[in-house]
Amino acid sequence: MNDSFGTRLRGRLDKFGPLCVGIDPSPALLDAWGLDDSPSGLEHFSRTVVDTICDVAAVVKPQSAFYERWGSRGVAVLERTIADLREAGTLVLLDVKRGDVDTTMAAYAEAYLDRGSPLAADAVTLSPYLGFGSLEVAITSAVANDAGVFVLARTSNPAAAGLQQRVADLVIAGAAAANAGHRPFGPVGVVMGATLPTLDHSLAGLNGPILAPGLGAQGASPADLARLFAPVRGSVVPSVSRAVLADPKRLRSMTMRYRDECVTYLTD
Ligand SMILES: O=c1ccn([C@@H]2O[C@H](COP(=O)(O)O)[C@@H](O)[C@H]2O)c(=O)[nH]1
């Protein structure tokens, strides 16, 4: 029997610290690295990130959009990046923010969670905008494949506040219900931005991981993690992309710096 996503994630967080590093090969970062904005530029960028940080980050989060820009050639690079990460033993969280009606959601689940798919990750991000119930097929698939999902609750961008603060408690309650009885974590995490001015929602009963994007380029610092998430600090997975990716020569040292600061602020 394979370990559940929750067991694998807990193991990685305990061994490597809580940090999730994004792979975001944007045109600006490719240019900063002296690479062409092309599928081969994407591939070089992604391979370098995998080789440089896979033993110092608990989780790595490729951003699908930057690969999809290149159509099938970009998606082929994404498939190879996921395979490289899996071979390196890192947990792969694919940031795709999918959500749709029943049969369509089932197709997304098959693409990103079914362990036989070339795009299968350890976990994916999902959008609950079609109702939390619309995600059930993906959650069932995640459990069947020892994978996980992270559902958008309060995202890191300020424009989301007016909409999401009205429904975030419903998202958290849906995730908590799906996680009931699972140890050490259930398969359903939530996304809560590290940039939030205050945490206006209780996460105490979630029994799942909390992905906290927004460190660095979006203005949040590791100290914000302690300010926002103190009661659930052991479940927080802070995420950073541009702030560590800006310079390939400093990629490993910046990752270790963020990781160590996050450990400091998220340890009792
Ligand atoms: O609430 C969210 C959810 C996802 N993201 C994604 O994370 C990275 C952030 O990149 P930075 O360079 O660290 O700002 C990016 O892929 C976003 O799409 C997020 O920012 N906020």
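Residues numbered from 1 in each chain as written. Predicted model: local features only at pLDDT ≥ 70, side-chain atom pairs only at ≥ 80, totals over all residues.

In the nomenclature of an unreviewed UniProt entry, the protein chain corresponds to Orotidine-5'-phosphate decarboxylase from the organism Nonomuraea spiralis. For the record of the protein chain, the UniProt heading Sequence similarities (unreviewed entry) holds the text "Belongs to the OMP decarboxylase family. Type 2 subfamily." (UniProt positions renumbered as here; feature names shortened; annotations may be inferred.)

All right, on to the overall build of the protein chain then. In terms of regular secondary structure, the protein chain is built from eleven helices and eight strands. Against the globule reference of 18 Å for 268 residues, the protein chain gives a C-alpha radius of gyration of 17 Å, in line with a compact fold. The C-alpha extent of the protein chain, read off along each of the three principal axes, is 45 × 40 × 40 Å. Counting the 268 residues in the protein chain, one finds 48% classified as buried. When contacts within the protein chain are restricted to residue pairs at least 6 apart in sequence, long-range pairs at least 24 apart make up 73% of them. (Helix = DSSP H or I, 4+ residues; strand = E, 2+ residues; numbered from the N terminus. Rg over C-alpha atoms; globule rule 2.2 N^0.38 Å. Buried ≥ 20, exposed ≤ 12 C-beta atoms within 10 Å, placed from the backbone. Contact = placed C-beta atoms within 7 Å.)

On to the site of the ligand, then. Among the 17 residues in the neighbourhood of the ligand, the closest are listed as Gln-63, Thr-155, Ser-156, Ser-241 and Arg-242. Partitioning the shell around the ligand into residue classes produces four nonpolar, ten polar and three charged. (Near = placed C-beta within 6 Å. Nonpolar A, V, L, I, M, F, W, Y, C, P; charged D, E, K, R; others polar.)

Residues annotated in UniProt with the feature "domain: Orotidine 5'-phosphate decarboxylase" (unreviewed entry) correspond here to residues 18–257. Along residues 18–257 one finds 42% helix and 17% strand; the C-alpha atoms at either end are 12 Å apart.

The two faces of strand 1 (residues 20–23) match: Cys-20 and Gly-22 on one face and Val-21 and Ile-23 on the other face are all buried. Bridge count for strand 1 against strand 2 (residues 59–62) is four bridges, and the pairing is parallel. For Ile-23, the partnering residue across the bridge sits in strand 2 and is Pro-62. As judged from the two bridges shared by strand 1 and strand 8 (residues 236–240), these two strands associate in the parallel manner. By the bridge assignment for strand 8, Cys-20 is matched with Ser-239. (Pairing = 2+ DSSP bridges.)

With respect to the helices and strands, Thr-155 occurs in the loop between strand 5 (148–154) and helix 8 (161–179). Exposure remark for Thr-155: the 22 C-beta atoms within 10 Å place this residue in the buried category. Taking the C-alpha atoms as reference points, Thr-155 and Gly-208, separated by 53 residues in sequence, lie 17 Å from one another.

What the eight strands build is a closed barrel, ordered 1-2-3-4-5-6-7-8; its pairing is parallel. The mean inter-strand angle of the sheet, taken between neighbouring strand axes irrespective of direction, is 30°. Where strand 5 lies against strand 6 (residues 188–192), five bridges are found, and the strand directions are parallel. Looking at the pairing, Val-149 lines up with Val-188 of strand 6. Helix-sheet contacts for helix 8 involve strand 5 and strand 6, and the interaxial angle to strand 5 is about 155°. (Axes fitted to C-alpha atoms, helices over the stretch in contact; angles between N-to-C directions.)

Leaving glycine aside, a negative phi is the common case for residues, and trans is the common case for peptide bonds. In this model, Arg-183 is joined to Pro-184 through a cis peptide bond whose omega is -5°. Within the secondary structure, Pro-184 sits in the loop between helix 8 and strand 6. Positive phi, normally seen in glycine, also occurs at Lys-97, with a value near 45°. The topology assignment puts Lys-97 in strand 3 (residues 91–98). For Asp-146, which is not glycine, the phi torsion reads 55° and is therefore positive.

Given 3.6 residues to a turn, an α-helix orients residues that are three or four positions apart in the same direction. The end-to-end C-alpha distance of helix 5 (residues 71–88), which contains 18 residues, comes to 26 Å, matching closely the 26 Å that a straight helix rising 1.5 Å per residue would cover. Among all positions of helix 5, only Gly-74, Val-77, Leu-78, Thr-81, Ile-82 and Leu-85 are buried. Down the axis, helix 5 shows its buried residues gathered within 140° of arc, on one side only. For helix 5, exposure combined with an orientation more than 90 degrees from the buried face picks out Ser-72 and Glu-87. Buried residues in helix 5 make contact with strand 1, helix 3 (39–53), strand 2, helix 4 (64–68) and strand 3. (Expected span 1.5 Å × (residues − 1). Arc of directions from axis to C-beta.)

Moving on: the packing of helix 3 against helix 5. In the contact formed by helix 3 and helix 5, the axes pass within 10 Å of each other and the chain directions differ by 15°. If you check the angle between helix 3 and helix 5, you find them roughly parallel. Taken as a pair, helix 3 and helix 5 cross one another with a handedness that is right-handed. On the side of helix 3, the interface is formed by Pro-39, Leu-42, Glu-43, Ser-46, Arg-47 and Val-50, while helix 5 contributes Arg-73, Gly-74, Val-77, Arg-80, Thr-81, Asp-84, Leu-85 and Ala-88. Of the residues in the contact of helix 3 with helix 5, the class split is six nonpolar, three polar and five charged. (Parallel < 35°, antiparallel > 145°, perpendicular 65-115°, else oblique. Left-handed = near helix turned anticlockwise from the far one by under 90°.)

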